[in-house]
Amino acid sequence: MSEDTRYAIVGTGNIGSALAHLFARAGVEVAIANTRGPHSIGELATALGPTVRPVTLAEALANDVIFMAIPFGAVEAFGRALPDWNGKIVVDTTNAHYAPNSADVLQGRLSSHYVAEALPGAQIVKAFNQLPARTLAAETPADQGKRVVFISSDSADAGFRVAELAHTLGLSAIQLGKIAEGGRLIEVPGPLVLKNFSEVPLT
């Protein structure tokens, strides 16, 4: 990633907070926002240090790479936050499998294709949805190597850039190709997700 690339996390639930821990540990600056406003994120940001900066949703959406760490059911409303998403890389961390009525919403589509329709113009990267949040946030002992995250995107450039960021955050990234191909493997409850969940301790 270019040194002037700007990152944001939208969502301060389990996954959003886990991502904020990764950025803080790596010393990479990131904006973080939710629908309740920056005042609701002060405690988390204070605990993580100056590289994690609470901002408004509008300020977060002005960044280049946006981690969408929100419930799957909120994707449609999130998509309306910008008139178009051209020039944005959006990292889709959602898991539609756990959302009520997701089958009715998807109507046979893969969830990241649905996300792409809801965020017209965005380059969607499916990633960071395969590990439990506390495992993702936890520091890995040096003698155990790096945790693996799987990455899939219909944009080779966007996938490469997110994989590069994952390495900067201390993870090992494996790219699986396009969403209709490799991305299908990391849709919960996809085979790679289940294998990863079973092999990674939750402590």
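Residues numbered from 1 in each chain as written. Predicted model: local features only at pLDDT ≥ 70, side-chain atom pairs only at ≥ 80, totals over all residues. Heavy atoms only, no water.

### Some details on the environment of Asn-101
Applicable threshold: Working definition: helices are DSSP H or I runs of at least four residues, strands are E runs of at least two. Numbering for both runs from the N terminus.
With respect to the helices and strands, the residue Asn-101 is situated in the loop between β5 (89–92) and α5 (102–106). Sequence separation between Asn-101 and Gly-73 is 28 residues, and the spatial gap between their C-alpha atoms is 8.9 Å.

### Notes on the nonpolar core
Defined as follows: Buried Ala, Val, Leu, Ile, Met, Phe, Trp, Tyr and Cys residues that are joined via side-chain atoms within 4.5 Å together make up what is termed a nonpolar core. Categorising residues by exposure relies on relative accessible area from a 1.4 Å probe, with only protein chains included: less than 20% of the type maximum marks a residue as buried, more than 50% marks it as exposed, and the intermediate range marks it as partly exposed. Contacts: residue pairs with any heavy atoms within 4.5 Å of one another.
Among the nonpolar cores identified, the biggest contains 37 residues, and Ile-9, Leu-19, Phe-23, Phe-67, Phe-128 and Leu-136 are the most heavily contacted of them. Contributing elements (two or more residues each) for this core: β1 (7–10), α1 (14–26), β2 (30–33), β4 (65–68), β5, α7 (133–137), β7 (148–153) and α8 (156–168). Residues in contact with Leu-19, not counting those within four places in the same chain, are Ile-9, Phe-67, Ala-69, Thr-93, Phe-128 and Leu-136. By size, the runner-up hydrophobic cluster in this structure holds 23 residues, among which are Met-68, Val-75, Tyr-114 and Leu-119.

### A few points about the pattern of salt bridges
What counts is decided by this rule: Definition used for salt bridges: Asp or Glu carboxyl oxygen within 4 Å of a side-chain nitrogen of Lys or Arg.
The full count for this structure, using the stated rule, is 4 salt bridges. Here Asp-64 and Arg-6 are joined by a salt bridge, their closest N and O atoms 3.7 Å apart. Of this pair, Asp-64 sits in the loop between α3 (57–60) and β4 while Arg-6 sits in the segment before β1, and the two are 58 residues apart along the sequence. Assessed through its relative accessible area of 26%, Asp-64 is described here as partly exposed.

### Some thoughts on the pairing of strand β6 (residues 123–126)
The cut-off we apply is this: Any two strands with at least two DSSP-identified bridges between them are counted as paired.
Pairing of β5 with β6 involves 4 bridges; the strand directions are parallel. In the strand pairing of β6, Val-91 is matched with Val-125. By the bridge criterion, 2 bridges tie β6 to β7 in an arrangement that is antiparallel. Bridging across to β7, Val-125 finds its partner in Ser-153.

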